[in-house]
2 protein chains.
Amino acid sequence: MPPRTQHRRTSISDVARHAGVSVGTVSNVLNRPDRVSPGTRKRVEAAIAELSFVRNGSARQLRAGRITTVGAIVLDISNPFFTDVTRGIEERLTADDYTLMVASSDRDPEREARYLRLFEEHGVRGVMVVPTADSIEHLLAVRERGIGVVLLDHPSPVESVSSVAVDDVNGGAMATRHLLDQGHTRLAFLNGAHSIRQCADRLEGVRLALAEAGRDPDEALVEVTVSLDADGGEAGIRALLDAPDRPTAVFCVNDLVALGALRTLRRAGLSVPDDVALVGYDDVTFAAELATPLTSVRQPRHELGTRAADLMLRGGDAPAEHVVFQPELVVRESSTSAPA
Amino acid sequence: MPPRTQHRRTSISDVARHAGVSVGTVSNVLNRPDRVSPGTRKRVEAAIAELSFVRNGSARQLRAGRITTVGAIVLDISNPFFTDVTRGIEERLTADDYTLMVASSDRDPEREARYLRLFEEHGVRGVMVVPTADSIEHLLAVRERGIGVVLLDHPSPVESVSSVAVDDVNGGAMATRHLLDQGHTRLAFLNGAHSIRQCADRLEGVRLALAEAGRDPDEALVEVTVSLDADGGEAGIRALLDAPDRPTAVFCVNDLVALGALRTLRRAGLSVPDDVALVGYDDVTFAAELATPLTSVRQPRHELGTRAADLMLRGGDAPAEHVVFQPELVVRESSTSAPA
DNA sequence: GTGAAAGCGCTAACAC
DNA sequence: GTGTTAGCGCTTTCAC
């Protein structure tokens, strides 16, 4: 049976009494030690230690409005992309002694709204959000109430809200140009639903690069809509294998999809890259570690986070900024042979 | 220039004034709506909407002591294992309308202590901690102050502190027995530092299984100490390849290490599993998706989290519990041919 | 350098 | 059913 003594938490006045000083003095020791004479300070510090006093953050925040907490809402915390972004945020915040509360919306606008309210109740100084929907009305409302808002991995639709994003159009274009450079003419794109901004943008980039090369996107490209995981990649490749005019190159909207695609191609007896070239997106940890290392579009995940936190920590009166990072194509074996 | 109006947050008394009622009534609408007549309730709700009022959580908590926040400190939030554990925790907490604050200690006892204090200041009801060190003195101190403590992925060294863990000794033994069953006689174990409890335990399991089979662990086993990532696996295999008596089976302390091992074996022209059988640990998402699907020891990550949250949410006077889950061996191609 | 006291926004106990 | 009010623990003037 644990001795979980449920007595009242020891408060600043307990410490004051124990040290024979006033609560104001204890508060000074805690917040402006230089204002207190060394003697009393020692005494108060001893009392704090003896009673193992821990400040009540709620009271502190209620009184002082001193807010050192920031919230972040990402689409899916188990996605390595967002994990790395989060770490970037945390690293930057820690440097300024801020704390981060993270939540995952799981692409559900209701969950996003729920966490948003929760963070607001907890008096966060600001929130960094990967929006689930294109509308950011609700975020503007939050901002009206004096809470900082930074859009994560999403370009801002309005001038007044800061944002940090990666150029997905260019990412799609880079991947496509690379495949065209390798001599491929029939391309497939395993993509997610166009309602997901990243997917729509990457498609736009693909079409752009095709047009650039003088190809008609409607002819040179087969787009297959799949779920954003390995099963999606498997289904996508199955659909392509059955088609009469098999593409020689497949671009996948993320690395998990590419993983499923790779597996399925191999099982079908096709060689990557000799029969089919493959390019993924995100450059997750294991992309380089696969039996056939995967060419992938790398995004500056960590920097995305640190930069977002940067924008968050600037004063509320600083003008909004819209940062757009450029992705980088990491070429590996999965795309570097000439097509058969 | 954002209109970040820094005026005072609208409070419950603003709402009361706007609706022409008292603060008590507004509070009642918020907390016990049934106590309020439908007419006034409507009016108050309208005022809340119009002023877009959001409750001040600090004041609420300060007054009511109503604590619905729980903290979790894991070793490394970017490790898929801990991500899944965290999701399990969150899921369970959400069901009871609790909120989770997550932090990553990065195996640094100082960071652990820092977050522990922070959580305590924020008045969390309890903390779930994967301890960085074997000592849990500091956690006992926290518990003394009325805060619940549950050890995560770590068996409790004391009866009075609840814990949730997975049997790593058995996990190591299962993997080893499987390899022995396949006819292997010369085994290697790519392991981490023994100061990490999981590593020490898994080694114990390996030796146990060898002894069980009548083998002398010191003879039948080569242990190589590596870093807990893919580079570690690569280095480990390199060391083994140079050895005179190459093992025919390699057990890796986690799947990332196994990934590096797999890659390096292939590059050396060795077939997995025909030349060398391979077993990993954790059964991460991509284990099944590799060109040679990886046999791995699966841990009930999600359940580990939900169970820990369960223990956390029980009343403070419930007796401590020590839950130990059993891992499960997931057999795939990387270990299922007879040795060459 | 130190103490006294006001009050942050809220909930709950108690009047009416 | 609704209003009034006392604090929760803290920071911060403002006296002394």
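Residues numbered from 1 in each chain as written. Chains lettered and ligands numbered in written order. Predicted model: local features only at pLDDT ≥ 70, side-chain atom pairs only at ≥ 80, totals over all residues. Heavy atoms only, no water.

With that settled, the discussion passes to the overall build of chain A. Scanning chain A from terminus to terminus reveals 13 helices and 12 strands. For 340 residues, the compact-globule formula gives about 20 Å, and the C-alpha radius of gyration of chain A, at 26 Å, lies well above that figure. Taken along its principal axes, the extent of the C-alpha atoms in chain A is 90 × 50 × 35 Å. Looking at chain A as a whole, 54% of its 340 residues are labelled buried. Of the contacts formed within chain A by residues at least 6 apart in sequence, a portion of 69% connects residues at least 24 apart. Summed over its atoms, the accessible surface of chain A is roughly 13,900 Å², and 49% of this surface lies on carbon and sulfur atoms. A gap of 12 Å separates the mean positions of the 38 positive and 48 negative side-chain charges of chain A. (Helix = DSSP H or I, 4+ residues; strand = E, 2+ residues; numbered from the N terminus. Rg over C-alpha atoms; globule rule 2.2 N^0.38 Å. Buried < 20%, exposed > 50% of the residue type's maximum accessible area, 1.4 Å probe, protein only. Contact = heavy atoms within 4.5 Å. Areas by Shrake-Rupley, 256 points an atom, 1.4 Å probe, with all protein chains shown as cover. Lys, Arg positive; Asp, Glu negative; His and termini not counted. Charge placed at Lys NZ, Arg CZ, Asp CG, Glu CD.)

Attention now goes to the relation of the copies chain A and chain B. It takes a turn of 179° to lay chain A on chain B, together with a shift of 0.2 Å along the axis; the resulting RMSD is 0.4 Å. Such a turn and shift between the copies fits a two-fold axis. Across chain A, the smallest distance between a C-alpha and the rotation axis is recorded for Ser58 of chain A, namely 2.3 Å. Taken as a fraction of all interface residues of chain A, those also at the interface in chain B reach 98%, which identifies the copy contact as same-surface. (Least-squares fit on C-alpha atoms with pLDDT ≥ 70 in both.)

So, on to the pattern of salt bridges. All told, the structure shown has 53 salt bridges over all chains when counted by the stated rule. Put simply, Glu90 of chain B and Arg111 of chain A hold a salt bridge, and the shortest N to O gap is 3.9 Å. Taken together, the residues span two chains, with Glu90 of chain B in helix 5 (residues 80-95) and Arg111 of chain A in helix 6 (residues 109-121). In this structure, Arg238 of chain B engages Glu234 of chain B in a salt bridge whose closest nitrogen and oxygen atoms are separated by 2.7 Å. With Arg238 of chain B and Glu234 of chain B both in helix 11 (residues 230-242) and four residues apart, the pair spans about one turn of that helix. (Salt bridge = Lys/Arg side-chain N within 4 Å of Asp/Glu carboxyl O.)

Further remarks concern the domain arrangement of chain A. On domain assignment, one finds that chain A holds domain 1 (12-55), domain 2 (67-166 + 301-325) and domain 3 (168-299 + 329-335). Once you take the C-alpha centre of each, domain 1 of chain A and domain 2 of chain A turn out to be 37 Å apart. (Domains from an automatic or database assignment.)

Inspection of the region around DNA strand D gives 25 residues, with Ile12 and Arg60 of chain A together with Thr25, Thr40 and Arg63 of chain B positioned closest. If you look at DNA strand D and keep only atoms within 4 Å of the protein, 67% of those are sugar or phosphate atoms. Between DNA strand D and Ser27 of chain A there is a distance of 3.2 Å, counted from a phosphate oxygen to a side-chain nitrogen or oxygen. Thr25 of chain B places a side-chain nitrogen or oxygen 2.5 Å from a phosphate oxygen of DNA strand D. (Near = heavy atom within 4 Å. Polar contact = N/O pair within 3.5 Å; in protein donor to acceptor, adjacent residues only side chain to side chain.)

Quick look at the UniProt feature "domain: HTH lacI-type" (unreviewed entry) in chain A now. As annotated by UniProt and renumbered to match this structure, "domain: HTH lacI-type" (unreviewed entry) occupies residues 10-64 of chain A. The distance separating the terminal C-alpha atoms of residues 10-64 of chain A is 20 Å; by composition the span is 71% helix and 0% strand. (UniProt positions renumbered as here; feature names shortened; annotations may be inferred.)

On to the interface of chain A and chain B, then. Interface size is commonly expressed as the accessible area that is lost once the parts come together. At the interface, 66 residues of chain A touch 65 residues of chain B. When chain A packs against chain B, close to 5,500 Å² is buried across both sides, 52% of that on carbon and sulfur atoms. For the interface between chain A and chain B, the tally reads nine salt bridges. Between Arg87 of chain A and Asp106 of chain B there is a salt bridge, with the nearest N and O atoms lying 2.7 Å from each other. Scanning the region where chain A abuts chain B turns up 14 residue pairs in polar contact (both at pLDDT 80 or more). Taken together, the elements giving at least two residues each to the side of chain A that touches chain B come down to helix 4 (57-64), helix 5 (80-95), strand 2 (99-104), helix 6, helix 7 (137-144) and helix 12 (255-267) of chain A. Looking at the side of chain A that touches chain B residue by residue, the classes come out as 24 nonpolar, 20 polar and 22 charged. (Buried area = accessible area lost by both parts, 1.4 Å probe. Nonpolar A, V, L, I, M, F, W, Y, C, P; charged D, E, K, R; others polar.)

The topology assignment puts Leu100 of chain B in strand 2 (residues 99-104). Along the sequence, Leu100 of chain B and Ala287 of chain B sit 187 residues apart, while their C-alpha atoms lie 29 Å from each other.

What follows covers the protein's contact with DNA strand C. Looking at DNA strand C, there are 24 residues lining it, with Thr25, Thr40 and Arg63 of chain A together with Ile12 and Arg60 of chain B nearest. Backbone sugar and phosphate groups make up 70% of those atoms of DNA strand C lying within 4 Å of the protein. Here a phosphate oxygen of DNA strand C and a side-chain polar atom of Thr25 of chain A are 2.5 Å apart. Arg63 of chain B places a polar side-chain atom, nitrogen or oxygen, 3.2 Å from a base oxygen of DNA strand C. Of all the secondary structure elements, the ones that give two or more residues to the surface near DNA strand C are helix 2 (23-31) and helix 4 of chain A together with helix 2 (23-31) and helix 4 (57-64) of chain B. Broken down by element, the surface near DNA strand C gets its largest block of residues, four residues, from helix 4 of chain B.

In this fold, Thr69 of chain B is placed in strand 1 (residues 69-74). Judged by relative accessible area, which is 2%, Thr69 of chain B ranks as buried. Non-local contacts of Thr69 of chain B, meaning those with residues more than four positions away in its chain, are made with His122 of chain A together with Tyr98, Thr99, Met101, Val124, Arg125 and Gly126 of chain B.

Moving on, we come to the confidence of the model for chain A. Per-residue pLDDT for chain A has a mean of 90; in total, 96% of the residues score no lower than 70. Every residue in residues 1-6 of chain A scores below 50 in pLDDT, and together they form 17 contacts with partners more than four places removed in sequence or on other chains. (pLDDT = per-residue confidence, 0-100.)

As a further point, take the packing of aromatic side chains. To describe a pair of aromatic rings, you give the distance between the ring centres and the angle between the ring planes. All names here are of chain A. For the structure shown, the criterion picks out nine aromatic pairs over all chains. Arranged with centres 5.0 Å apart and planes meeting at 75°, the rings of Phe81 and Phe82 form a pair that is edge-to-face. Judged by centre distance (4.8 Å) and plane angle (10°), the ring pair of Phe189 and Phe251 falls under stacked. In this pair, Phe189 is assigned in strand 6 (residues 187-191) and Phe251 in strand 8 (residues 249-252), connecting sequence segments 62 residues apart. Like Phe189, the residue Phe251 is buried in the burial classification. Grouping aromatic residues by their ring pairs yields a cluster made of Phe189, Phe251 and Tyr281. Taking the ring centre of Tyr281 as reference, the NZ or CZ of Arg202 above it sits at 3.6 Å. (Phe/Tyr/Trp six-rings, centres within 6.5 Å; stacked < 30°, edge-to-face > 60°. Lys NZ or Arg CZ within 6 Å of the ring centre and 35° of its normal.)

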